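# Report on the structure
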Amino acid sequence: METPATDRTKHQTSHEFYKKLCKLAVGGGVAFWVVDFAISLSPISAEYMAAFSISSLPIALVEALVGGLIIACFVSYFLLRFFDKIPTKNPILKALILSFVALVIIEALSTFGNPSNAYVYLLIDTVMNIPRILALGIVIGYLYKKLYGQT
């Protein structure tokens, strides 16, 4: 049986972990959304929205924020939990590796979800998601460096 002091220490450690997780996830999710918003202002956005049957820009932006937060939460969790197991020493590169793994998983799942013309949509969707994922990974890695006092 654990002593109350040990139990309290675990609780504090757990609390700190989730506090850092939230900071990283919110930062990454917001970065994802900002890039999505910038893309939505571009001329290619209308064609992209038509190709994926997106009827409302405000709804698409809300969905992008929620999606970005979910992706950022997973990337942040794995960065915090498995930091020493990810190759390279730079937290930004580690976060980018995890972000691109998430991109591959998302694109693979979207291909199975829409098999008609899957390769055309896969190419368009991947090209549109690369800047979002880059921003998400860079911000999460940068925030990790700030949280842990690295320069």
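Residues numbered from 1 in each chain as written. Predicted model: local features only at pLDDT ≥ 70, side-chain atom pairs only at ≥ 80, totals over all residues. Heavy atoms only, no water.

### Some points on the overall build of the protein
Helix and strand counts for the protein come out as 5 helices and 0 strands. Counting from the amino terminus, the protein carries its helices and strands in the arrangement α-α-α-α-α. Split into buried and exposed, the 151 residues of the protein put 33% on the buried side. Put simply, of all contacts in the protein between residues at least 6 apart along the chain, 74% involve residues at least 24 apart. Split by element, the accessible area of the protein, about 9400 Å² in all, is 70% carbon and sulfur. (Helix = DSSP H or I, 4+ residues; strand = E, 2+ residues; numbered from the N terminus. Buried < 20%, exposed > 50% of the residue type's maximum accessible area, 1.4 Å probe, protein only. Contact = heavy atoms within 4.5 Å. Areas by Shrake-Rupley, 256 points an atom, 1.4 Å probe, with all protein chains shown as cover.)

### Here's the deal with the confidence of the model for the protein
Taken as a whole, the protein shows an average pLDDT of 85; of its residues, 85% reach a score of 70 or greater. The least confident element of the protein, judged by mean pLDDT, is helix 2 (residues 44-51) at 72; the most confident is helix 3 (residues 57-81) at 91. (pLDDT = per-residue confidence, 0-100.)

### Some details on the side chain of D36
As for its placement among the helices and strands, D36 is situated in helix 1 (residues 4-40). Look past the residues within four positions of D36 in its chain and what remains in contact with it is A60, L61, A64 and R132.

### Brief notes about the packing of aromatic side chains
Geometrically, a pair of aromatic rings is defined through the distance of the ring centres and the angle of the planes. For the structure on display, the rule yields 7 aromatic pairs. Their ring planes at 85 degrees and their centres at 5.4 Å tell us that Y77 and F78 sit as a pair that is edge-to-face. You can call Y77 partly exposed: its relative accessible area is 30%. Residue F78 is classed as partly exposed on the basis of its relative accessible area, which comes to 36%. Their ring planes at 20 degrees and their centres at 5.9 Å tell us that F78 and F82 sit as a pair that is stacked. Ring-pair connections join several aromatic residues into one group, and the members of that group are F17, Y18, Y77, F78 and F82. Between K94 and the ring centre of F83, over which it is positioned, the NZ or CZ distance is 4.1 Å. (Phe/Tyr/Trp six-rings, centres within 6.5 Å; stacked < 30°, edge-to-face > 60°. Lys NZ or Arg CZ within 6 Å of the ring centre and 35° of its normal.)

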